[in-house]
Amino acid sequence: MTEAIVMFDGVCNFCDSSVQFIIKRDSKGYFQFAALQSDAGMKLKEQYSISHNIDSFILIEDGKVYKFSDGALRVCRNLEGIWRYMYIFIFVPRPIRNSIYKFIAKNRYKWFGQKDSCMLPSPEVRSRFL
């Protein structure tokens, strides 16, 4: 089976909601998850030489790192339902996609707030968190 790990900002409400969104649309359990702040997240950043300046969403799939809009769209491609068709936006030039992505990422705490600590996953999905 392909390895796909979604790394996310564990104290960001928007990121937490995004993880819950993915879980609900990934009944086959394709994705695993690691908060960037967790021990597993730090080890993955080191293992894949991911800059510590990146503090939002990262996808590691088949040993490759996908950041910003590339990662988000690759996740959509593997979701159930209409969401997989969002991958069509991969044809929008990367600088345009990433500028929109970075604008949202830059404002995510202001718009959606943040927590004091990472969420605790429910027992049903705990095994998918590294």
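In what follows, the structure referred to is the one given above.
Residues numbered from 1 in each chain as written. Predicted model: local features only at pLDDT ≥ 70, side-chain atom pairs only at ≥ 80, totals over all residues. Heavy atoms only, no water.

Engineer: Could you clarify how one ought to interpret the pattern of salt bridges in this entry?
Structural biologist: One pass over the full model with this rule turns up seven salt bridges. With a closest N to O distance of 2.3 Å, Asp 26 and Arg 128 form a salt bridge. Placement of Asp 26 in the loop between helix 1 (13–24) and strand 2 (31–35) and of Arg 128 in the segment after helix 4 (94–112) is noted, with a sequence separation of 102 residues between them. Asp 26 gets classed as buried once you look at its relative accessible area, which sits at 3%. The salt bridge partner of Glu 61 is Arg 77, with a shortest N-O separation of 3.9 Å. (Salt bridge = Lys/Arg side-chain N within 4 Å of Asp/Glu carboxyl O. Helix = DSSP H or I, 4+ residues; strand = E, 2+ residues; numbered from the N terminus. Buried < 20%, exposed > 50% of the residue type's maximum accessible area, 1.4 Å probe, protein only.)

Engineer: Whenever I open this one, the environment of Asp 70 confuses me. Can you help?
Structural biologist: Assignment of secondary structure puts Asp 70 in helix 3 (residues 68–77). When the C-alpha atoms of Asp 70 and Tyr 85 are compared, they prove to be 14 Å apart, with 15 residues separating the residues in sequence. Within the local environment of Asp 70, its side chain forms a polar contact with the side chain of Arg 97, the two groups lying 2.7 Å apart. (Polar contact = N/O pair within 3.5 Å; in protein donor to acceptor, adjacent residues only side chain to side chain.)

Engineer: What is the right way to read helix 3 from this model?
Structural biologist: The periodicity of an α-helix, 3.6 residues per turn, causes residues three or four positions apart to be oriented the same way. With respect to burial, helix 3 is a largely interior element, seven of its ten residues being buried. Residues Ser 69, Asp 70, Gly 71, Leu 73, Arg 74, Val 75 and Cys 76 constitute the buried set of helix 3. Tucked into the core, helix 3 has its buried residues touching strand 1 (4–8), helix 1, strand 2, strand 3 (58–61), strand 4 (64–67) and helix 4. (Contact = heavy atoms within 4.5 Å.)

Engineer: Any chance you could explain the environment of Cys 76 here in plain terms?
Structural biologist: Secondary-structure assignment places Cys 76 in helix 3. Leave out the neighbours within four places in its chain, and Cys 76 touches Trp 83, Arg 84 and Met 86.

Engineer: Honestly, the nonpolar core in this entry has me stumped. Any pointers?
Structural biologist: Proteins that are soluble and globular tend to have nonpolar side chains buried together. Counting 21 residues, the largest nonpolar core has Val 6, Ile 22, Phe 31, Phe 33, Leu 59 and Val 75 as its most contacted members. Residue assignment for this core shows that the elements contributing at least two residues are strand 1, helix 1, strand 2 and helix 4. Element by element, the count of residues in this core is highest for helix 1, at four residues. Those residues in contact with Leu 59 that sit more than four places away from it in its chain are Ala 4, Ile 5, Val 6, Phe 31, Lys 64, Val 65, Tyr 66, Gly 71, Arg 74 and Val 75. (Core = buried A, V, L, I, M, F, W, Y, C linked by side-chain atoms within 4.5 Å.)

Engineer: Sorry, what's going on with the packing of aromatic side chains here?
Structural biologist: Geometry of an aromatic ring pair is reported as the spacing of the ring centres plus the angle between the planes. Considering all chains together, one arrives at eight aromatic pairs under this definition. Here the aromatic rings of Phe 103 and Trp 111 are separated by 5.5 Å at their centres, their planes lie at 65 degrees, and the arrangement is edge-to-face. We classify Trp 111 as partly exposed; its relative accessible area is 43%. Centroid distance Trp 111 to Phe 112: 6.4 Å. Interplanar angle 80 degrees. Geometry classified as edge-to-face. According to the relative accessible area criterion, Phe 112 is partly exposed, its value standing at 39%. Note that Arg 25 overlies the ring of Phe 21, its terminal NZ or CZ placed 3.7 Å from the centroid. (Phe/Tyr/Trp six-rings, centres within 6.5 Å; stacked < 30°, edge-to-face > 60°. Lys NZ or Arg CZ within 6 Å of the ring centre and 35° of its normal.)

Without other data, these values stay purely geometric and don't point to any function.
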